[in-house]
Amino acid sequence: MDERDELQQKIADIAGRYIQRTAGELGGLRELIAKVRAGNTAAAKEIEQLAHKIYGSGSMFGFEAVSEQARELELVAKDTADPQMVERLQVRADALEEQVQAAIRARGAQ
Amino acid sequence: MSRPLLRTVLYVDDEPDIREIVELALGLVGGLSVATCESGERALQCLPDITPDLVLLDVMMPGTDGPTTLQRMRADPRFANIPVVFVTAKAMPAEVARFRELGAVAVIAKPFDPMQFGQQIVTIWEGIDHGRA
């Protein structure tokens, strides 16, 4: 195995860790949405940052659908003037979780 | 004027998995030492010890973000001339133009190809006018 093959293998290992860690972060995302619902506007910024991180990293590891849903979530979290923001955050968080679980299942099936 | 060697790179990103990828990817470039930091604030603290030839900054980080880190580097004579590259998912043309205006020598979009990343960095380094930097 040359160093490039080794790099590919390590990236695959990191990707596995990444998607599991992202699944763990979704609980925190739910808590942040609850805070926004309770009127904590700073929590929306935290959601935006978390979603941006998942968006940027997801595509790095080939989780395009996860990345795409995280991008949608980031855009919703940015739009603090939207009166429907909490509901839209919830919908996007559900969609993101679905894609994260699908990615985990797909890796398990490989 | 001969081009200085690229010996040390500092990569700053709050995402640990991406830091690891960058370390591995730059490991393919022979003779290059790679340091990483998890925040802009930490990078500013570490710069005097690391004295990198090139700094790679994520843009969106909690606390001191990439653009603020660059501005603070430029305001400090010790680091003002260290070339900075942004590595970011925020790579729309208007954003890239803004980062260039801030003084970045280049912008690399995420996702990047880890297999090509080292060569990308070397190419950017070779394209820098070191007489002016």
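See above for the structure.
Our subject in this report is the structure included herewith. (Residues numbered from 1 in each chain as written. Chains lettered and ligands numbered in written order. Predicted model: local features only at pLDDT ≥ 70, side-chain atom pairs only at ≥ 80, totals over all residues.)

## Description of the pairing of strand S1 (residues 8-12) of chain B
Residues and elements named next belong to chain B. In terms of burial, S1 is a largely internal element, four of the five residues being buried. Two strands pair when backbone bridges link them, and S1 and strand S2 (residues 33-37) are joined in this way by five bridges, in the parallel orientation. Across the sheet, leucine 10 pairs through a bridge with alanine 35, a residue of S2. Crossover S1 to S2 through helix H1 (residues 16-26) is right-handed. (Buried ≥ 20, exposed ≤ 12 C-beta atoms within 10 Å, placed from the backbone. Helix = DSSP H or I, 4+ residues; strand = E, 2+ residues; numbered from the N terminus. Pairing = 2+ DSSP bridges. Right-handed = clockwise from strand over helix to strand, strands pointing away.)

## A word on the sheet that holds strand S4 (residues 84-88) of chain B
Residues and elements named next belong to chain B. If you walk across this open sheet you meet the five strands as S2-S1-S3-S4-S5, and the pairing is parallel. The open sheet has two edge strands, S2 and strand S5 (106-109), and neither has a second partner. Direction aside, the axes of adjacent strands within the sheet are offset by 20 degrees on average. Here H1 sits on the sheet in contact with S1 and S2, set at roughly 175 degrees to S2. (Axes fitted to C-alpha atoms, helices over the stretch in contact; angles between N-to-C directions. Contact = placed C-beta atoms within 7 Å.)

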